[in-house]
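The primary structure of each chain is shown beneath.
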Amino acid sequence: MISSMFKKDYILVFYIILFFIFLFITTPNFSIDQTIQEANAVDGYQYFLISRNAPFFAQDIQYIKGERFILPYLIGLISKSTGLDLFLTYKISSVIAFLYLTFLFTRILKNIDLNRNTIIISVSLIMFNPYLFRYFLSIPTMIGDLIFMISSLLILEGLLKKEKPKIFYGFIISLISRQNGIIFFISFLISK
């Protein structure tokens, strides 16, 4: 699927790879303590606590964070089952999620027949936005927000291609990652 999308478009692939390399080199690599102290990512620490306590449930978690437990809980289970450090598991998950977001965004742009230069500019606007990849690379415990963006793109692509299963998956993922997914669903029902 990926090879057919980028078939004969080596320039686009080259730019995306360069963008990722540049971002990895120029983005701060925080520890979990630094995300709390320097970046003030207290929400992310709540998710980290949920993950750290998996397969059990964390105590003394803020109510709103407890409602978003599925994704941190799964990351905690992955960390424990693989033996990887929990914060490293968050970092790897964030990178994979952002790669998928970039792939999905590029695929949507290619499907609406934009030229290569416009796609490169659009992808660079997403990748170099300081509140997207740099943020999630520095503070990977906020991966739920990144997954919510992916769900938005899945819903958009499903609507553009008229693929109901993709829309459905996008709704499910949006509800797992944030309660705002309910708004997506209500908007969809109203627009019908």
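Structure's up top.
Structure report, in brief. Owing to the predicted nature of the structure, the values given are computational and were not obtained by experimental measurement.

## Digging into the overall build of the protein
So, step 1. Helix and strand counts for the protein come out as 12 helices and 0 strands.
So, step 2. Reading the secondary structure of the protein in the N-to-C direction produces α-α-α-α-α-α-α-α-α-α-α-α.
So, step 3. Burial status across the protein gives 44% buried among its 192 residues.
So, step 4. Across the protein, every contact between residues at least 6 apart in sequence was considered, and the portion connecting residues at least 24 apart equals 63%.
So, step 5. About 10,900 Å² of surface is accessible on the protein, with carbon and sulfur atoms providing 67% of the total.

## Focus: helix H6 (residues 70-82)
So, step 1. With 13 residues, H6 extends 18 Å from end C-alpha to end C-alpha; this agrees with the ideal 18 Å at 1.5 Å per step.
So, step 2. What H6 keeps buried is the set Leu-71, Pro-72, Tyr-73, Ile-75, Gly-76 and Ser-79.
So, step 3. Once H6 ends, the next one or two residues include Gly-83, with phi positive near 80°.

## Let's talk about helix H10 (residues 143-161)
Side chains of residues three or four places apart in an α-helix project in the same direction, reflecting 3.6 residues per turn.
So, step 1. Given a rise of 1.5 Å per residue, 19 residues ought to cover 27 Å, and the 27 Å separating the end C-alpha atoms of H10 matches this to within 8%.
So, step 2. Taken together, the buried positions of H10 are occupied by Ile-143, Gly-144, Leu-146, Ile-147, Phe-148, Ile-150, Ser-151, Leu-153, Leu-154, Ile-155, Glu-157 and Gly-158.
So, step 3. Structurally, H10 contributes buried residues whose contacts are with H6, helix H7 (86-111), helix H9 (133-138), helix H11 (164-177) and helix H12 (181-191).

## Regarding the pattern of salt bridges
So, step 1. If you walk through the whole model with that rule in mind, you get 4 salt bridges.
So, step 2. Note that Lys-166 and Glu-163 form a salt bridge whose closest N and O atoms lie 3.2 Å from each other.
So, step 3. Ionic contacts of the salt-bridge type, sharing partners, join the residues Arg-107, Glu-157, Lys-161, Glu-163 and Lys-166 into one network.

## A few points about a nonpolar patch on the surface
So, step 1. Among the surface-exposed residues, Phe-57, Phe-69, Ile-70, Leu-74, Leu-77, Phe-168, Tyr-169, Ile-172 and Ile-176 lie close enough to one another that they form a single nonpolar patch of about 800 Å² accessible area.
So, step 2. For the nonpolar patch, the elements supplying multiple residues, two or more each, are H6 and H11.
So, step 3. With respect to the helices, strands and loops of the structure, Tyr-169 is situated in helix H11.

## A few points about the packing of aromatic side chains
So, step 1. The full count for this structure, using the stated rule, is 13 aromatic pairs.
So, step 2. Judged by centre distance (6.2 Å) and plane angle (55°), the ring pair of Phe-168 and Tyr-169 falls under tilted.
So, step 3. Taken together, Phe-14, Tyr-15, Phe-19, Phe-22 and Phe-128 form an aromatic cluster joined through their ring pairs.

## Quick word on unusual backbone geometry
So, step 1. Within the chain, Asp-113 stands out as a residue other than glycine whose phi angle is a positive 60°.
So, step 2. You can see Asp-113 is positioned in the loop between H7 and helix H8 (116-127).
So, step 3. The exposure class assigned to Asp-113 is exposed, which follows from its relative accessible area of 69%.
So, step 4. Unusually for a residue other than glycine, Lys-162 sits at a positive phi of about 55°.
So, step 5. When you line up the elements, Lys-162 lands in the loop between H10 and H11.

## Points about the environment of Ala-54
So, step 1. If you trace the backbone, Ala-54 turns up in the loop between helix H4 (42-53) and helix H5 (63-66).
So, step 2. As for Ala-54 and Leu-74, which are separated by 20 residues in sequence, their C-alpha atoms are 8.0 Å apart.
So, step 3. In this structure, Ala-54 is in contact with Tyr-73, Gly-76, Leu-77 and Lys-80, ignoring residues within four places of it in sequence.

Analysis parameters
Residues numbered from 1 in each chain as written. Predicted model: local features only at pLDDT ≥ 70, side-chain atom pairs only at ≥ 80, totals over all residues. Heavy atoms only, no water. Helix = DSSP H or I, 4+ residues; strand = E, 2+ residues; numbered from the N terminus. Buried < 20%, exposed > 50% of the residue type's maximum accessible area, 1.4 Å probe, protein only. Contact = heavy atoms within 4.5 Å. Areas by Shrake-Rupley, 256 points an atom, 1.4 Å probe, with all protein chains shown as cover. Expected span 1.5 Å × (residues − 1). Salt bridge = Lys/Arg side-chain N within 4 Å of Asp/Glu carboxyl O. Patch = residues over 30% accessible without salt bridge, like charges linked within 9 Å, V, L, I, M, F, W, Y side chains within 5 Å. Phe/Tyr/Trp six-rings, centres within 6.5 Å; stacked < 30°, edge-to-face > 60°.

By themselves, these are just geometric observations and shouldn't be taken as functional.
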